[in-house]
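A structural walkthrough
If you want the building blocks of each chain, they are given just below.
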Amino acid sequence: FDFRKAQDLLDPEIKERLQAFEVGEGFRAYGRIQIQKEKEEDKERKYHFQGDIFGHNFDVKGFRFDQFHANVSLNENKVLMKNFHMEDLSGSLKIPEFQLDKHNDGLWYFNAPKLDVTNFRPSLLQQRELGRSQEKPLLVKNVTLNDFSGYVSDRSSYRGQGGLHFVNSTKNNVQSTLFALPAEL
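The rules behind the values
- Residues numbered from 1 in each chain as written.
- Predicted model: local features only at pLDDT ≥ 70, side-chain atom pairs only at ≥ 80, totals over all residues.
- Heavy atoms only, no water.
- Helix = DSSP H or I, 4+ residues; strand = E, 2+ residues; numbered from the N terminus.
- Polar contact = N/O pair within 3.5 Å; in protein donor to acceptor, adjacent residues only side chain to side chain.
- Contact = heavy atoms within 4.5 Å.
- Patch = residues over 30% accessible without salt bridge, like charges linked within 9 Å, V, L, I, M, F, W, Y side chains within 5 Å.
- Areas by Shrake-Rupley, 256 points an atom, 1.4 Å probe, with all protein chains shown as cover.
- Salt bridge = Lys/Arg side-chain N within 4 Å of Asp/Glu carboxyl O.
- Buried < 20%, exposed > 50% of the residue type's maximum accessible area, 1.4 Å probe, protein only.
- Core = buried A, V, L, I, M, F, W, Y, C linked by side-chain atoms within 4.5 Å.

1. Focus on the side chain of Asp88
Structurally, Asp88 is set in strand β4 (residues 78-88). Within the structure, Asp88 has its side chain in polar contact with the side chain of Ser90 (distance 2.6 Å). Sequence-distant contacts of Asp88, defined by excluding residues within four places in its chain, comprise Arg64, Phe65, Asp66, Leu124 and Arg132.

So, in structure tokens, the structure goes:
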């Protein structure tokens, strides 16, 4: 399914964030969904989904990624995602647990106790319209982010601790032009 077409079922703030992340096509969901009929006294429609969401050649933020899977439980006030795993030629992302909670003030708060990125090659990100570019030497071997949390709508509230390890190997067999001598000598 195309998230752009399914967004009307979601909370307006989550819908806005999905639009900001340009979440598009390439998704499918398997599970059980319950949608309560709207009542005049209810300010929002009640719903619940429990199941799995898969992505294959899916779009996010103007890029196309190979595949992902997550176990999801969501309703109008909470999203719990477990075993999120994304694989792409550009790298791998694993989030064992991710939670979104709607607070009494209507703002959504997220928390991811751990997030791991491995073998990330930014040059291999596939732009939706342009495809992949040529591989460059930068390789982010590992990024670990712990206790990543904040309000979805306020980037200045995002907090977390972590580290990264990267290599940016130089091209082999490249002569330094500083020491190159003219052939006439």
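2. A short note on a nonpolar patch on the surface
Residues Leu138, Leu164 and Phe166 make up a contiguous nonpolar surface patch of about 290 Å² in total accessible area. Tracing the sequence through the fold places Leu138 in strand β8 (residues 138-151). Among the residues examined, Leu138 registers a relative accessible area of 31% and is labelled partly exposed.

3. Quick notes on the nonpolar core
Within soluble globular proteins, side chains that are nonpolar generally end up buried alongside one another. Counting 26 residues, the largest nonpolar core has Phe68 and Phe84 as the members making the most contacts within it. Those elements that place two or more of their residues in this core are β2 (47-60), β3 (63-75), β4, β5 (91-102) and β6 (108-120). Here Phe84 is in contact with Phe68, His69, Ala70, Leu93, Lys94 and Ile95, once residues within four sequence places are set aside.

4. Structural notes on the pattern of salt bridges
This model, assessed by the stated rule, comprises three salt bridges. A salt bridge links Arg64 to Asp59, with the nearest nitrogen and oxygen atoms 2.7 Å apart. A salt bridge links Arg121 to Glu135, with the shortest nitrogen-to-oxygen separation between them at 3.2 Å. Here Arg121 is found in the loop between β6 and β7 (126-127), whereas its partner Glu135 is found in the loop between β7 and β8, with 14 residues between them in sequence. On the basis of relative accessible area, Glu135 is assigned to the partly exposed category, the value being 47%.

5. Regarding the environment of Lys61
Looking at where Lys61 falls in the secondary structure, it is placed in the loop between β2 and β3. What makes Lys61 partly exposed here is its relative accessible area of 40%. Sequence separation between Lys61 and Arg128 is 67 residues; the distance between their C-alpha atoms is 9.0 Å.

6. Observations concerning the side chain of Asp59
As for its placement among the helices and strands, Asp59 is situated in strand β2. The exposure class assigned to Asp59 is buried, which follows from its relative accessible area of 1%. Within the local environment of Asp59, its side chain forms a polar contact with the side chain of Arg64, the two groups lying 2.7 Å apart.

7. Let's talk about the environment of Val143
For Val143, the location among the structural elements is in strand β8. Along the backbone, Val143 and Asn119 are 24 residues apart, and their C-alpha atoms lie at a distance of 9.0 Å. Contacts of Val143, omitting those with residues within four sequence positions, involve Leu115, Asp116, Val117, Gly163 and Leu164.

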